[in-house]
Amino acid sequence: MEEERKNKIQEAQTDETRPGRKQGRLTRGLINIIGGDLLSKHAVLNNVPFLIFLAILAMFYISNTYYSEKTIKQIEKIKNELKELRYQSITVKAKMLDLCKQTEIAKNVELLGIKGTTTPPYKIFYSKALLKKETDTLHRNP
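About the criteria used
Position labels on residues start from 1 in each chain and follow its written sequence. Local features in this predicted model are restricted to residues whose pLDDT is 70 or higher, and side-chain atom pairs enter the listing and the counts only when it is 80 or higher, whereas totals over whole chains, interfaces and linings include all residues. In computing side-chain values, all of the structure's heavy atoms are included and hydrogens and water are not. Helix and strand labels come from DSSP, where a helix needs a run of H or I of at least four residues and a strand needs a run of E of at least two; each type is numbered from the N terminus. Burial status follows relative accessibility: with a 1.4 Å probe on protein chains alone, a residue under 20% of its type maximum counts as buried, one over 50% as exposed, and anything between as partly exposed. In this description, accessible areas are obtained by the Shrake-Rupley approach with a 1.4 Å probe, and a residue is regarded as covered only by the protein chains that are shown. Grouping into patches uses exposed residues only, defined as over 30% relative accessible area, and leaves out salt-bridged ones; the cut-off is 9 Å for like charges and 5 Å for nonpolar side chains (Val, Leu, Ile, Met, Phe, Trp, Tyr). We define a salt bridge as a contact between a side-chain nitrogen of Lys or Arg and a carboxyl oxygen of Asp or Glu at a distance within 4 Å. For every residue, the pLDDT score states the predictor's confidence, bounded by 0 at the bottom and 100 at the top. The way it works is a 1 Å grid over only the protein atoms, where trapped points that fit a 1.4 Å probe form a cavity and open points with protein on both sides within 12 Å along at least five of seven lines form a pocket, and then any residue with an atom within 4 Å of a point lines it. Grid points are joined across faces, edges and corners, and a volume is the space filled by probe spheres set on the points. Side-chain classes follow a simple rule in which Ala, Val, Leu, Ile, Met, Phe, Trp, Tyr, Cys and Pro form the nonpolar group, Asp, Glu, Lys and Arg form the charged group, and the remainder, Gly included, forms the polar group.

Chemist: Give a description of the overall build of the protein chain that names residues and reports values.
Modeler: Looking only at helices and strands, the protein chain has seven helices and zero strands in total. The secondary structure elements of the protein chain, listed N-terminal to C-terminal, are α-α-α-α-α-α-α. The buried share among the 142 residues of the protein chain stands at 0%. Carbon and sulfur atoms make up 62% of the accessible area of the protein chain, which amounts to about 14,900 Å² in all.

Structure, rendered in structure tokens:
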């Protein structure tokens, strides 16, 4: 009996002297979340302005994402429109080059009754003295 008593005393002493295992920060946090103590603590009430700030920041982030997607869609639409207009421009330019050829102009003018000249163009040579003489006579005799 005395031995049992000594064993109990020794066990009690070893329990008291044995350092208790400290709960880690992560373990305490996990226990608080699971137990529901997290939302009932005073610390949450102190952080309400910060939580509101985070919510507003999240709304700005979401709106910025929608705005950027909308802008990208507009850019793609304008690129496609530009490509189509470029194709139209090339087509019209090619038609205009065909219509501006001398033979095409001559065909279109003949329909109006105007005929082209058959004599080739020639160069007129003049001298400066002759030109000056004629301009002086024009100015004197109107």
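Chemist: Please give an account of a nonpolar patch on the surface that cites residues and values.
Modeler: A contiguous nonpolar patch, built from L45, V48, I52, I56, M59 and F60 and spanning about 610 Å² of accessible area, is present on the exposed surface. Among the elements that take part in the nonpolar patch, helix α5 (residues 48-99) stands out by supplying five residues, more than any other. As for its position among the elements, L45 is in helix α4 (residues 42-46).

Chemist: Can you tell me about the confidence of the model for the protein chain, naming the residues and giving the values?
Modeler: Considering every residue of the protein chain, the mean pLDDT works out to 81; 75% of them sit at 70 or more. Averaged pLDDT values over the elements of the protein chain bottom out at 60 in helix α1 (residues 2-17) and peak at 96 in α5.

Chemist: Outline the layout of surface pockets, supporting the account with residue identities and numerical values.
Modeler: Empty space within the largest pocket amounts to approximately 160 Å³. Surrounding the largest pocket, Q102, I105, A106, V109, E110, I114, K115, G116 and T117 form its lining. Here the lining of the largest pocket is composed, by residue class, of four nonpolar, three polar and two charged.

Chemist: Lay out the pattern of salt bridges in plain terms, naming residues and giving numbers.
Modeler: A complete count under the given rule lists two salt bridges for this structure. With a closest N to O distance of 3.8 Å, D98 and K101 form a salt bridge. Note on D98: relative accessible area 43%, which makes it partly exposed. Close ionic contact of K107 with E104 constitutes a salt bridge, the shortest N to O distance being 3.9 Å. Placement of both K107 and E104 in helix α6 (residues 102-111) is noted, with a separation of three residues, approximately one turn of the helix. You can call E104 partly exposed: its relative accessible area is 25%.

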